[in-house]
Amino acid sequence: MATPTITSLAPLLDRLFSQAEAADGATQAAVADLSDADRARMMRSKTDYRDLYARLKDAPLAVSRETGRLLYMLARSSRARAMVEFGTSFGISTLHLAAGLRDNGGGRLITSEFEPSKAARARENLSAGGLIDLVEIREGDALKTLSTDLPEQIGLVLLDGAKALYPEILHLVEARLKPGAIIVADNAGFSPDYLARVRAPDSGYMSTPFAEDVELSVRIN
């Protein structure tokens, strides 16, 4: 039996997670002059988030190890062959999704990153993991980069960029979501409009809060 790709990636992922954890102090320092209220406001704003993420342009902003494992498990169990990710950062979540894609027999993962230096780091990490051939990294404003040339049927979506834009990104991909498609929204509590959308009784989704402020939704029609 072939070794699962996620197992082969373990040394690389462990190194990247360790680097992300070591950078936590610098990440906190980058926003130390902001009050908790200011941070929350910038996270929820559809315009001020740019200033926040400019401060964090060198921060990994990685998913947790547990969320990474969840992403791989969902990719595998759903047998998704086309995925979309909003918010690449250094590519840790991308590696987990692409590993699932590889073990599903291949396919296409489109991911979007606003910061060019982060996109470059992600490409390096995906190349190191032997998965770059499955991934298309689109640099720039995701409202533009994810508005065209999407797969006909998307099986899994990860939302982990600017939280205020979650409803808009969902709108961009919604027509391409196949029945049963999975949407994982990290830190979804910062996007009340998104939560209201996917939790509405007539939304076409079943949705539930999951671990670590993750909202897990499934397209049901």
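Structure shown above.
Predicted model, so just to flag it, every value in this text is computed and none were measured.

Undergrad: Even after reading the chapter, I still don't get the overall build of the protein chain, so can you show me in this structure?
TA: Helix and strand counts for the protein chain come out as eleven helices and seven strands. A compact globule built from 221 residues would reach a C-alpha radius of gyration of about 17 Å, and the protein chain, at 16 Å, matches this within 12%. For the protein chain, the spread of C-alpha atoms along the principal axes amounts to about 50 × 45 × 30 Å. Here the protein chain holds 221 residues, and 50% of them are scored as buried. Partitioning the intrachain contacts of the protein chain with sequence separation of at least 6 by distance along the chain shows that 72% fall at a separation of at least 24. Carbon together with sulfur atoms contributes 54% to the accessible area of the protein chain, which is approximately 10100 Å² in total.

Undergrad: What am I meant to see in the sheet that holds strand S3 (residues 135–139) here?
TA: Pairing is mixed across the open sheet formed by seven strands, whose spatial order is S3-S2-S1-S4-S5-S7-S6. Since the sheet does not close on itself, it has two edges, and those belong to S3 and strand S6 (205–210), each with one partner. With strand direction ignored, the average angle separating the axes of adjacent strands in the sheet is 15°. Strand direction decides the pairing type here: strand S4 (residues 154–159) and strand S5 (residues 177–185), joined by five bridges, are parallel. Across the sheet, the residue bridging to Ile154 is Leu177, located in S5. Those strands touched by helix H10 (residues 166–174) are strand S1 (82–86), S4, S5, S6 and strand S7 (214–219), and its axis lies near 160° from that of S5.

Undergrad: Where do I start with a nonpolar patch on the surface in this structure?
TA: On the surface, Met206, Val218 and Ile220 cluster together to form a nonpolar patch covering roughly 270 Å² of accessible area. Among the secondary structure elements, Val218 is positioned in strand S7.

Undergrad: Looking at this structure, how should I read the packing of aromatic side chains?
TA: Remark: the centre distance and the inter-plane angle together describe each pair of aromatic rings, the angle taken between the planes. Here the structure, examined in full by the defined rule, presents three aromatic pairs. Their ring planes at 80° and their centres at 6.3 Å tell us that Phe86 and Tyr166 sit as a pair that is edge-to-face. Residue Phe86 is located in strand S1, and its partner Tyr166 is located in helix H10; the two are separated by 80 residues in the primary sequence. Judged by its relative accessible area of 0%, Tyr166 is buried. Arranged with centres 5.7 Å apart and planes meeting at 80°, the rings of Tyr166 and Tyr194 form a pair that is edge-to-face. Of this pair, Tyr166 sits in helix H10 while Tyr194 sits in helix H11 (residues 192–199); the two residues are 28 residues apart in sequence, bridging distant segments of the chain. Across the pair, exposure class does not vary: Tyr166 and Tyr194 are buried alike.

Undergrad: Just checking my understanding: could you explain the pairing of S1 for this structure?
TA: Every regular strand shows the same layout, with side chains that alternate between the two sheet faces. By the criterion of burial, S1 is predominantly enclosed, with five of the five residues buried. Burial along S1 is two-sided: Ala82, Val84 and Phe86 facing one way and Met83 and Glu85 facing the other are all buried. Here S1 runs beside strand S2 (residues 108–113); their pairing, made up of five bridges, is parallel. Note on S2: the bridge partner recorded for Glu85 is Thr111. Each parallel crossover has a hand, and for S1 linked through helix H7 (residues 92–103) to S2 it is right-handed.

Undergrad: What am I meant to see in the pairing of S4 here?
TA: Counting buried positions over the six residues of S4 gives six, a clear majority of the element. Pairing analysis gives four bridges linking S1 to S4, with the strands arranged parallel. Residue Val84 lies in a different strand from S4, and its bridge partner there is Val157. After leaving S4, the chain enters H10 and then returns to the sheet as S5, a path that is right-handed.

Undergrad: How do you make sense of helix H6 (residues 65–78) when you look at a structure like this?
TA: Along an α-helix, residues three or four apart share an orientation, since each turn contains 3.6 residues. The end-to-end C-alpha distance of H6 is 20 Å, a good match for the 20 Å that 14 residues give at a rise of 1.5 Å each. The set of residues buried in H6 consists of Thr67, Gly68, Leu70, Leu71, Tyr72, Leu74 and Ala75. Downstream of H6 by one or two residues, Arg79 has phi in the positive range, about 55°.

Undergrad: Which parts of the structure should I look at to understand the environment of Ala20?
TA: Secondary-structure assignment places Ala20 in helix H2 (residues 10–22). Relative accessible area serves as the criterion here: at 17%, Ala20 is assigned to the buried category. If we skip the residues at most four places from it in the chain, Ala20 touches Pro60 and Ala62.

Parameters and conventions
Residues numbered from 1 in each chain as written. Predicted model: local features only at pLDDT ≥ 70, side-chain atom pairs only at ≥ 80, totals over all residues. Heavy atoms only, no water. Helix = DSSP H or I, 4+ residues; strand = E, 2+ residues; numbered from the N terminus. Rg over C-alpha atoms; globule rule 2.2 N^0.38 Å. Buried < 20%, exposed > 50% of the residue type's maximum accessible area, 1.4 Å probe, protein only. Contact = heavy atoms within 4.5 Å. Areas by Shrake-Rupley, 256 points an atom, 1.4 Å probe, with all protein chains shown as cover. Pairing = 2+ DSSP bridges. Axes fitted to C-alpha atoms, helices over the stretch in contact; angles between N-to-C directions. Patch = residues over 30% accessible without salt bridge, like charges linked within 9 Å, V, L, I, M, F, W, Y side chains within 5 Å. Salt bridge = Lys/Arg side-chain N within 4 Å of Asp/Glu carboxyl O. Phe/Tyr/Trp six-rings, centres within 6.5 Å; stacked < 30°, edge-to-face > 60°. Right-handed = clockwise from strand over helix to strand, strands pointing away. Expected span 1.5 Å × (residues − 1).

Treat this as a map of the structure, not an account of what it does.
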